[in-house]
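So the chains spell out like this:
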Amino acid sequence: ETAAQVDLLREAEEQNDVLAAKLLAFRALQKGHAEDARRRFEKILATNKGDAFVLTTLGNMAFRAGKTSEAVHFYGRARALEESPMILFDLAQAYARGFHMVEFERTLGRAQALDSEIVEELSASRFIIARPWLVEDTEEDICQGSCHLCVKPYAAPVTLERVPAR
């Protein structure tokens, strides 16, 4: 990329070119300027509230920063606009990180129902949740009472596993 190309993008952004604005936001993100990227994405949302891609990107940024509730918020807004297996997968992972396991399993199940192959590919390249107990189990059923990690003999605590990419 050249300075002239970036200048052209900035000029287009000033003319309310959404694509140029998105490119500059992603450029900031790629260069490690997360706050600038976030500001740019939020500016896009101010005029284009129905942009599921920008909402998902903000959710991804929040998720990577460890802001799980914020990630769930952005993914949830994106899901309301577009129910795609990718958005649902990301939302499920955010639920899992927050230990909302019933929501995790329901959301991941919906993503798999829409496109199990995409979910399998996403699972192979990202952190996934390993949880051997069933959705129907309640916290009271799982916990034996002494701490949040106590589980029935047939279950194990939630773990995050890294699955190598194929």
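Below: a short report on this structure. Just so we're clear, the structure is a prediction, and the values are computed from it rather than from any experiment. (Residues numbered from 1 in each chain as written. Predicted model: local features only at pLDDT ≥ 70, side-chain atom pairs only at ≥ 80, totals over all residues. Heavy atoms only, no water.)

**So, unusual backbone geometry**
You will see that N16, though not glycine, has its phi angle at about 65°, which is positive. Note that N16 resides in the loop between helix 1 (3–14) and helix 2 (18–30). The residue F99 is not glycine, and still its phi comes out positive at about 60°. Structurally, F99 is set in the loop between helix 6 (85–97) and helix 7 (101–125). The class for F99 is exposed, based on a relative accessible area of 59%. (Helix = DSSP H or I, 4+ residues; strand = E, 2+ residues; numbered from the N terminus. Buried < 20%, exposed > 50% of the residue type's maximum accessible area, 1.4 Å probe, protein only.)

**A closer look at helix 7**
Over its 25 residues, helix 7 runs only 21 Å from end to end, short of the ideal 36 Å by more than 12%, given 1.5 Å per residue. All buried positions along helix 7 are accounted for by M101, F104, T107, L108, A111, V119, L122, S123 and A124. (Expected span 1.5 Å × (residues − 1).)

**Brief notes about the packing of aromatic side chains**
Scanning all chains against the criterion turns up 2 aromatic pairs. For the pair F26 and F41, a centre-to-centre distance of 5.0 Å together with 75° between the ring planes defines the contact as edge-to-face. Here F41 lies in helix 3 (residues 34–47) and F26 lies in helix 2, a separation of 15 residues in the sequence. For F41, a relative accessible area of 0% gives the class buried. Pairing F26 with F53 gives two aromatic rings, centres 5.6 Å apart and planes at 45°, and the pair type is tilted. A residue pair is termed long-range when its members are at least 10 positions apart, and F26 in helix 2 and F53 in helix 4 (residues 52–64) qualify at 27 residues. Through successive ring pairs, a cluster of aromatic residues spans F26, F41 and F53. Residue placement shows R97 over the ring face of F63; its charged tip is 3.7 Å from the ring centre. (Phe/Tyr/Trp six-rings, centres within 6.5 Å; stacked < 30°, edge-to-face > 60°. Lys NZ or Arg CZ within 6 Å of the ring centre and 35° of its normal.)

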